[in-house]
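# Tertiary structure, described
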Amino acid sequence: MKQTWRWFGPSDLVSIDDICQAGAHGVVSALHHVPSGAVWTPAEIAKRHSEIAVMQDGASSGLTWDVVESLPVSEAIKRQVGPWKGHIEAYKQSLRNLADSGIRIVCYNFMPVLDWTRTHLNWRLSNGATCMRFDLADFVAFDLFILKREGASDDYPVGIVADAQHRFTAMSGDRRAELERTVAFGLPGSVENLSLDDLRALLATYADIDADLLRRNLVAFLEEVVPVAREVGIRMCCHPDDPPFALLGLPRIMSTEADYALIMQAIDLPENGITLCSGSLGVHPENDLPGMMKRLGDRVHFIHLRNTKRESDGLPCSFHEAEHLDGDTDMVALIEQVLLEEARRKAAGRADWNIPMRPDHGHDILDDLNKQGQPGYPAIGRLKGLAELRGVIKALSHRLEATE
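Cut-offs applied
Residues numbered from 1 in each chain as written. Predicted model: local features only at pLDDT ≥ 70, side-chain atom pairs only at ≥ 80, totals over all residues. Heavy atoms only, no water. Helix = DSSP H or I, 4+ residues; strand = E, 2+ residues; numbered from the N terminus. Buried < 20%, exposed > 50% of the residue type's maximum accessible area, 1.4 Å probe, protein only. Contact = heavy atoms within 4.5 Å. Axes fitted to C-alpha atoms, helices over the stretch in contact; angles between N-to-C directions. Parallel < 35°, antiparallel > 145°, perpendicular 65-115°, else oblique. Left-handed = near helix turned anticlockwise from the far one by under 90°. Phe/Tyr/Trp six-rings, centres within 6.5 Å; stacked < 30°, edge-to-face > 60°. Lys NZ or Arg CZ within 6 Å of the ring centre and 35° of its normal. Pairing = 2+ DSSP bridges. Salt bridge = Lys/Arg side-chain N within 4 Å of Asp/Glu carboxyl O. Expected span 1.5 Å × (residues − 1). Arc of directions from axis to C-beta.

Turning to the environment of Gly37, a few remarks are in order. Structurally, Gly37 is set in the loop between β2 (26-29) and α2 (42-53). According to the relative accessible area criterion, Gly37 is partly exposed, its value standing at 22%. The sequence separation of Gly37 and Phe221 amounts to 184 residues, and the corresponding C-alpha distance is 13 Å. Setting aside chain neighbours within four positions, we find Gly37 in contact with Ser74, His87 and Ala90.

Right under this line is the structure:
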C-alpha cells in the first residue's frame, strides 16, 4: 500500500514538513475553499500541487498529491434540483483539469446535508487521550430538544427517547451549546458550518426524497461522470456513510456491502469504485471488512484504515473512534486481504496495483491535546496509527512473500 496523509491545505496545523517526518509517501487533499458546484480551475489545482511539493525552508518535500478527497457533489446534484445539470458539467470539467495535472484518484460521497456526524469531538479516554464519539442518547437529545425536528420522536424506540430526555435535562448550558456546534460541524475542512436554521432548511429539502430516489440520483450522477473519468484516466471511489445508519430523517444509501455491490453493478466500469473506510463501515455490525475487501477488492481504489468500537447493540448505536488495531474491525485480517489484492493486480499487470491508504482519525495524544487542530486529524495520533499499521503491513508482507 502507498502510505498517504490527509492535508487540509496551508491553514492545516499539521504541515508538509510534519508529513515528511511521519514517513508518508503521498498526500490526500482537496480545494476546500472552492464552493460545491464550481469548477476546480487549473490554476487552483496547480497551486495545491506546488504547496505540497515544498517544505517550509523551500526544499523539495518529495511528496505528491495522489488522491483528491473530496471533490464534493452538490446538494443540487443529490436532489436533482435547480442548477444540478450545470453542476454536473462543472464536475466533469474539474475531473478533466485534475487529470491534466496528474491526479488519478478522486474520492467523493453521496451523503445528504452532513458529511459525518458526531456528538463529541474530544471525548476523554481512560488513558487521558481524546477521540471523536457518537453517543446515541446525546444525538437524540439534540434531535428532539435542540433541533426540535418535527416527527423526530417517531424515529426512535421509546426507551431511547426517555434516555435522551433525562440526558438533556441534566445537560449544562455549555454542553448543550457544544452539542449543537458538534452535530452541525459540517464538512471536514470546509468553510460551511451550519446553523440550526440552516440545518432545518436543508432537511426540509429532503422531505420527499427516500433511499430509492437518492440511489437513483446517484446512479444518474455516475452515468454522467464515470465515462469522463474513464476517458481521462481517473478512478472515482465513493466513501461510505458515516455513521452507516439513517439520521435526522435523511436517507443513507452507501452503508453496507450490498449497497456497494448494487452501485458497482449499476455502472459496471472499473473507474466506478470504492473508498473502503474501515471505520465508517465497521460501525455496522453486518459489515465484514476483510470479506468485503476479498469480494469487492477489484474495485477498491482508496483505503481509510481506522477503527471504531460499538458501545451498544443494534442500529443506530453509540460508538467511538478506537485505536487503529483495537476496535471492532480485525485490522490485521483486513490488511492481509489488501495485500493479497495488490498481489493479484501486480500479477495481472495492472498499473494501479499499489493502492493508496491513509491512517484515519487518530486520537489526540501528547502535544496534540494542546493544539485545537482539525477534529480527528492530529499529528501525533495519526503518526501512532501509521506506525502501527506500517508494522502490520511489513510483517504480513514478509509472511506472504515466504509462502509464494
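Right, picking up where we left off after that structure.
The next subject is the packing of helix α4 (residues 84-100) against helix α9 (residues 211-232). Contact pair α4 / α9: the axes reach a minimum separation of 10 Å and the direction vectors enclose 20°. Looking at the two axes, α4 sits roughly parallel to α9. Judged by the sense of rotation from one axis to the other, the crossing of α4 with α9 is right-handed. Contacts from Ile88, Glu89, Tyr91, Lys92, Leu95, Arg96 and Ala99 in α4 reach Phe221, Glu224, Val225, Val228, Ala229 and Val232 in α9.

With the rule as written, the count across this model stands at nine aromatic pairs. Relative to Phe221, the ring of Tyr91 has its centre 5.1 Å away and its plane inclined at 90°; by these criteria the two rings are edge-to-face. With Tyr91 in helix α4 and Phe221 in helix α9, this residue pair connects regions lying 130 residues apart in the sequence. Since its relative accessible area comes to 3%, Tyr91 is described here as buried. Ring geometry for Phe139 versus Phe142: centroids 6.2 Å apart, planes at 40°, classification tilted. Note that Phe139 and Phe142 are positioned in helix α5 (residues 136-147) at a spacing of three residues, about one turn of the helix. A residue is classified by how much of its surface remains accessible, and Phe139, at 0% relative accessible area, is buried. Put simply, the rings of Phe134, Phe139, Phe142, Phe245 and Phe319 touch in pairs and so form one group of aromatic residues. Of note, Arg176 hangs over the ring of Phe168, and the distance from its end group to the ring centre comes to 3.8 Å.

Okay, the sheet that holds strand β10 (residues 307-310) next. With antiparallel pairing, the four strands of this open sheet are ordered in space as β5-β6-β11-β10. With one partner strand each, in any of the chains shown, β5 (120-124) and β10 form the two edges of the open sheet. Pairs of neighbouring strands in the sheet enclose a mean axial angle of 40°, with direction left out of account. Relative to strand β11 (residues 319-322), strand β6 (residues 130-134) runs antiparallel, the two sharing two bridges. Paired with Phe134 across the bridge in β11 is Phe319.

As a further point, take the pairing of strand β4 (residues 105-108). Because side chains alternate across β4, one face comprises the buried residues Ile105 and Cys107, and the other comprises Val106 and Tyr108, equally buried. Sheet analysis places β4 next to strand β7 (residues 235-238), joined by four bridges and oriented parallel. Paired with Tyr108 across the strands is Cys238, a residue of β7.

The next thing to look at is the pattern of salt bridges. Summed over all chains, the structure comprises 39 salt bridges. Of the charged contacts in the structure, one is a salt bridge between Asp135 and Arg167, with a shortest N-O distance of 2.9 Å. One end of the pair, Asp135, is in the loop between β6 and α5; the other, Arg167, is in helix α6 (residues 158-170), with 32 residues separating them in the sequence. Assessed through its relative accessible area of 33%, Arg167 is described here as partly exposed. Note that Glu341 is salt-bridged to Arg345, the shortest N-O span being 2.8 Å. Residue Glu341 and its partner Arg345 are located together in helix α13 (residues 331-347), separated by four residues, close to a single helical turn. Just as Glu341 is buried, Arg345 falls in that class too. Three or more residues are tied together by salt bridges with common partners; here these are Arg6, Glu69, Arg118, Asp242, Arg306, Glu321, Arg358 and Asp360.

Okay, α2 next. Between the first and last C-alpha of α2 there are 16 Å, a value that for twelve residues agrees with the 16 Å anticipated at 1.5 Å per step. Of the residues making up α2, those classed as buried are Ile45, Arg48 and Ile52. One face of α2 carries all of its buried residues, which in axial projection span an arc of 60°. Across α2 from its buried face, at more than 90 degrees, point the exposed residues Pro42 and Ala43.

As a further point, take the environment of Leu269. Mapping Leu269 onto the fold places it in the loop between α10 (257-266) and β8 (272-277). What makes Leu269 partly exposed here is its relative accessible area of 26%. Placed 36 residues apart in sequence, Leu269 and Gly233 show a C-alpha to C-alpha distance of 12 Å. With sequence-adjacent residues up to four places away left out, Leu269 is seen in contact with Val226, Arg230 and Arg299.

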